Amino acid sequence: MTSSSSPSQDAQSFAQNYPEGLRADALMEEDVAWSHEIDGERDGEQFDRSERAALRRVAGLSTELEDVTEVEYRQLRLERVVLVGVWTTGTIQDADNSLAELAALAETAGALVLDGVVQRRDKPDAATYIGSGKAYELRDIVLETGADTVICDGELSPGQLIHLEDVVKVKVIDRTALILDIFAQHAKSREGKAQVALAQMQYMLPRLRGWGQSLSRQMGGGKGGGLATRGPGETKIETDRRRIREKMAKMRREIADMKTGREIKRQERRRNKVPSVAIAGYTNAGKSSLLNRLTGAGVLVENALFATLDPTVRRAETPSGRLYTLADTVGFVRHLPHHLVEAFRSTMEEVGDSDLILHVVDGSHPAPEEQLAAVREVIRDVGATHVPEIVVINKADAADPLVLQRLMRIEKRSIAVSARTGQGIDELLALIDNDLPRPSVEIEVLVPYTHGKLVARAHTEGEVISEEHTPEGTLLKARVHEELAADLAPYVPAPAL
């Protein structure tokens, strides 16, 4: 098996034919590259050539800074990283897209991506993730590029982390640790910081390590101390684990208390019969942009993964005048760490308790179907599969029209919009108005002017069909909920004789 340091002429010409922005499409390996002149004369499909070139050098992932303002923005020294992935299932394009997404995550975390490699294996190696031989080849790449960190495109076990670090001689982290670091940078609210801290402690607990004297035994609990001690005592690492468990228990209690406050607000909205809509979707699909376009919320919008983490709830109104709430939720990603799903479960409950989900997908992404599948997996994990869903294909102004047509053909309840230009927003509002739950009782009443509060409730809690002011009072025809219908029942006009 070989690992080349420079792409072949075929790979260079392939990369030149694609725009630089499409990183996932610029991935090519010289030993796997196919040419009609050479490979056309060979017999069979040449599977052995793919296996021989299992560790593929991935080009087009560099994030070196060119603009001085970008250099000033990143005040800390950038970590220089090499990415490594294991391709077990799917097509080579799927593997390339996954590593390109890892490069975007690393860049969001503030790292400088120098190189990336992908290895073809049936399953990750239990000891070093990529196998001992490929680990030594990875060490050569790290020395060649001058990297100080290796990021693996998967969640590594504690043993895999230790063994791979022993070989490559630099810090090794996995995809989960990288996402947790991004969340720690972007969390702003007290609840968001607590949830991220809990997820980080859950991740670090089985991965604690000590060096030298930090693993030595402490004195036991004998009566006299010194030579009179009994038992081996406990190690420093055991003490650290016990303290982390205590902090995790305290953090869970704090998050539960914060959840109570959000539940009270949610019950108040239910009591007032205000429908709720939740915006869910892949990270960087444009959820915050859509919220700003629909409600003018002024939420931070940035072309970065997980730019906003804290949920935002805003009041909105349908074209027919019905009030509802619109909630922006945390973005999802492929292989979202289960620690985060568990820690952010209280936040994600906004999706499960909503009356309608706006599932936002990036129409300009190379693989929007994968985004849809990843988000629906998390929605299933939080028990929100029963909620009606509208697929909102965002960034229609930058998407390929053929891709939009394909998505709208696959997803029957879908609409193409552009939160930046406003394209399709009116049609989306009409869909929301049509799909929100409507009051179940249609009633016609004559309300005296002394009970105008009931008319106001009909406007806020129900759907007014017609309203006429007469000398006796307000003649109102509306669709309302059963509770309000019972309050209005005494004012139903008597039938004419």
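Residues numbered from 1 in each chain as written. Predicted model: local features only at pLDDT ≥ 70, side-chain atom pairs only at ≥ 80, totals over all residues. Heavy atoms only, no water.

As annotated in an unreviewed UniProt entry, the protein carries the name GTPase HflX and comes from Streptomyces siamensis. Reading the Sequence similarities (unreviewed entry) entry of the UniProt record for the protein gives the comment "Belongs to the TRAFAC class OBG-HflX-like GTPase superfamily. HflX GTPase family." As its UniProt record puts it under Subcellular location (unreviewed entry), the protein is described as follows: "Cytoplasm". (UniProt positions renumbered as here; feature names shortened; annotations may be inferred.)

Take the overall build of the protein next. The number of helices and strands found in the protein is 18 helices and 14 strands. Within the span of the protein, comprising 497 residues, buried residues form 47% of the whole. In the protein, of all internal contacts separated by at least 6 residues, the share reaching a separation of at least 24 is 69%. Accessible surface computed for the protein: about 25600 Å², of which carbon and sulfur atoms make up 51%. (Helix = DSSP H or I, 4+ residues; strand = E, 2+ residues; numbered from the N terminus. Buried < 20%, exposed > 50% of the residue type's maximum accessible area, 1.4 Å probe, protein only. Contact = heavy atoms within 4.5 Å. Areas by Shrake-Rupley, 256 points an atom, 1.4 Å probe, with all protein chains shown as cover.)

Sheet architecture is open: six strands sit in the order β7-β8-β6-β9-β10-β11, paired in mixed fashion. Two strands close off the open sheet at either side, each with one partner strand: β7 (312–317) and β11 (414–416). Between one strand axis and the next, the sheet turns by 25 degrees as a mean value, whatever way the strands run. Packing of helix α11 (residues 287–295) onto the sheet brings it into contact with β6 (276–281), β7, β8 (323–328), β9 (356–362) and β10 (389–394), and relative to β8 it is tilted by some 155 degrees. (Pairing = 2+ DSSP bridges. Axes fitted to C-alpha atoms, helices over the stretch in contact; angles between N-to-C directions.)

A separate point is the pairing of β10. Along β10, five of the six residues are buried, which leaves the element largely enclosed by surrounding structure. Bridge count between β9 and β10: six bridges; the pairing is parallel. Residue pairing across strands places I357 opposite E389, the latter belonging to β10. Regarding the hand of the β-α-β motif, the stretch spanning β9, helix α14 (residues 368–381) and β10 is right-handed. Pairing of β10 with β11, which is carried by three bridges, proceeds in the parallel orientation. What sits directly across from V391, in β11, is S414. (Right-handed = clockwise from strand over helix to strand, strands pointing away.)

Time to look at the pattern of salt bridges. For the structure shown, the criterion picks out 15 salt bridges. The salt bridge partner of K171 is E79, with a shortest N-O separation of 3.1 Å. Taken together, the residues span a long stretch of sequence, with K171 in strand β5 (residues 171–174) and E79 in strand β2 (residues 79–87) at a distance of 92 residues. K171 sits in the partly exposed class, given a relative accessible area of 39%. Residue class for E79 comes out partly exposed when judged on its relative accessible area of 30%. Measuring nitrogen to oxygen at the nearest pair gives 3.2 Å for the salt bridge that ties K134 to E137. In this pair, K134 and E137 both sit in helix α6 (residues 132–145), three residues apart, roughly one turn of the helix. Side by side, K134 and E137 carry an identical accessibility label, which is buried. (Salt bridge = Lys/Arg side-chain N within 4 Å of Asp/Glu carboxyl O.)

Time to look at the nonpolar core. In this structure, L290, F306, F332, L336, L358, V392 and L428 are the most contacted members of the largest nonpolar core, which totals 89 residues. Looking at which element gives the most residues to this core, the answer is helix α5 (residues 92–108), with seven residues. With residues up to four places along the chain from it excluded, the contact list for L290 reads L358, V360, V392, A419, I425 and L428. Core analysis: the next-biggest nonpolar cluster, separate from the first, contains 13 residues, V445, V447, L476 and V480 among them. (Core = buried A, V, L, I, M, F, W, Y, C linked by side-chain atoms within 4.5 Å.)

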